[in-house]
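Here are the chains, one letter per residue:
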Amino acid sequence: GGPHSCYMSDFMVGNAALCLLGFAVLSVNYRGSIGFGQASIDALLGNVGTMDVHDVQEAAVHVIQSGVVDSARIVVHGGSHGGFLSAHLIGQFPDSYMAACVRNPAIGFPAMAETSDIPDWNYTESGLPYNVWTTLPSAASLAKMFDVSPIQYADKVKAPVLFLVGAKDLRCPPSQSHELHYALKARHIETKMLVYHKSSHPLWEVDVEADAFVNMAVWFYKHLYSRIK
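Bear in mind the structure is a predicted one, so any value in this text is a computation, not a measurement.

Calculation rules
Counting restarts for each chain, with residues numbered from 1 along the sequence as it is written. Per-residue local features are limited, in this predicted model, to residues with pLDDT of at least 70; the limit for side-chain atom pairs, both in listing and counting, is 80 or more; totals at the level of whole chains, interfaces and linings are taken over all residues. Excluded from the side-chain calculation are hydrogens and water; included are all heavy atoms of the structure. Put simply, DSSP H or I for four residues or longer makes a helix, DSSP E for two residues or longer makes a strand, and each gets a number counted from the N terminus. For the radius of gyration, the atom set is restricted to C-alpha positions; the globular benchmark scales as 2.2 Å times the number of residues to the power 0.38. Relative accessibility thresholds used throughout: buried, under 20% of the residue-type maximum; exposed, over 50%; partly exposed, between the two (1.4 Å probe, protein chains only). By definition in these notes, contact holds between two residues if any of their heavy atoms fall within 4.5 Å. His residues and chain termini do not enter the charge count, which takes Lys and Arg as positive and Asp and Glu as negative. All charge positions are set by atom: Lys at NZ, Arg at CZ, Asp at CG, Glu at CD. Whether two strands pair depends on DSSP finding at least two bridges between them. With axes taken as lines fitted to C-alpha atoms, and helix axes fitted only over the stretch in contact, angles between N-to-C directions fall between 0 and 180 degrees. We define a salt bridge as a side-chain nitrogen of Lys or Arg found within 4 Å of a carboxyl oxygen belonging to Asp or Glu. We call two directions roughly parallel when the angle between them is under 35 degrees, roughly antiparallel when it is over 145, roughly perpendicular when it lies between 65 and 115, and oblique otherwise. In this classification, Asp, Glu, Lys and Arg are treated as charged, Ala, Val, Leu, Ile, Met, Phe, Trp, Tyr, Cys and Pro as nonpolar, and every other residue, Gly included, as polar.

Details of the overall build of the protein chain
Thought 1: Scanning the protein chain for helices and strands turns up nine helices and four strands.
Thought 2: Listing each helix as α and each strand as β along the protein chain from the N terminus yields α-α-α-β-α-β-α-α-α-β-α-β-α.
Thought 3: Its C-alpha atoms give the protein chain a radius of gyration of 17 Å, near enough to 17 Å, the size a compact globule of 229 residues would have.
Thought 4: The principal-axis extents of the C-alpha atoms in the protein chain amount to approximately 55 × 40 × 35 Å.
Thought 5: A buried classification covers 45% of the 229 residues belonging to the protein chain.
Thought 6: If you take every contact in the protein chain between residues at least 6 apart in sequence, the share linking residues at least 24 apart comes to 71%.
Thought 7: One finds the centroid of the 15 positive side-chain charges in the protein chain at a distance of 9 Å from the centroid of its 20 negative side-chain charges.

As structure tokens, this is what we get:
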């Protein structure tokens, strides 16, 4: 998520559960994550969709080359900006990932800037100025926001994608997931959307979090073992 957050070396129940199910988990603090100084954070502004995506891909390639994991059994998941990264990864590197699961992802910045409760985020992360009183969308700003958005790679996606969506999400509204979900359906890419009607951005209600995790695990198992003989 974030993108200006970080993974710490503490216990994460989701990662622990994935390990118990037999997965190896790679959590990446890409450039722009907190904890590495202000210059690292500032470097990502205007470079989302490239710098952060390539950092994650390079980390995945490094782990694969180390021999720890099977390059034919790689999946990706993330929420919010992590969903943005996951959508980018399966679009920019379509042969690298066998399946994806995205939770309340940021998919198309131009539309999100007009519907989210944090429109300034879309402008700032795209490297654009924002003034809460005076900023209006322009052809140039919308073009820049599109250029950093994963929706532009919809034609490249091969991996089946599971969407986990909070119906009350104001940050990355459900329409963000719909953008990619419908684009994939139109291109005959397997996709499924689960909508949690009482949830907002985090999906952190106990029953919702459990249901989302189980469905993600089932999705990954289905596509890992149905496509590898």
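Structure shown, so let's carry the discussion forward.
Section: the sheet that holds strand S1 (residues 75–79)
Thought 1: Strand order in the open sheet formed by four strands is S1-S2-S3-S4, and the pairing between neighbours is parallel. Strands at the two margins of the open sheet, each flanked by one partner only, are S1 and strand S4 (191–196). Strand-to-strand twist across the sheet, computed as the mean angle between neighbouring axes with direction ignored, equals 10°.
Thought 2: Where strand S2 (residues 99–103) and strand S3 (residues 161–166) come together, four bridges link them in parallel fashion. Residue Val102 lies in a different strand from S3, and its bridge partner there is Phe163.
Thought 3: Together, S1, S2 and S3 form the strand contacts of helix H4 (residues 81–92), whose direction differs from that of S1 by roughly 150°.

Some remarks on the pattern of salt bridges
Thought 1: Taken as a whole, this structure holds seven salt bridges when the rule is applied.
Thought 2: One salt bridge in this structure joins Lys158 and Asp95, with 2.6 Å as the shortest N-O distance. With a gap of 63 residues between them, Lys158 in the loop between helix H7 (139–147) and S3 and Asp95 in the loop between H4 and S2 connect regions that are remote in the sequence.
Thought 3: The class for Lys158 is partly exposed, based on a relative accessible area of 48%.

Let's talk about the packing of helix H3 (residues 51–65) against H4
Thought 1: In contact at an axis separation of 10 Å, H3 and H4 are set at 70° when each is read in the N-to-C sense. Relative to H4, the element H3 lies roughly perpendicular. Between H3 and H4, the contacting residues are Asp52, Val53, His54, Val56 and Gln57 on the first element and His81, Phe84, Leu85, His88, Leu89 and Gln92 on the second.
Thought 2: Residues belonging to the contact of H3 with H4 are distributed by class as follows: five nonpolar, five polar and one charged.

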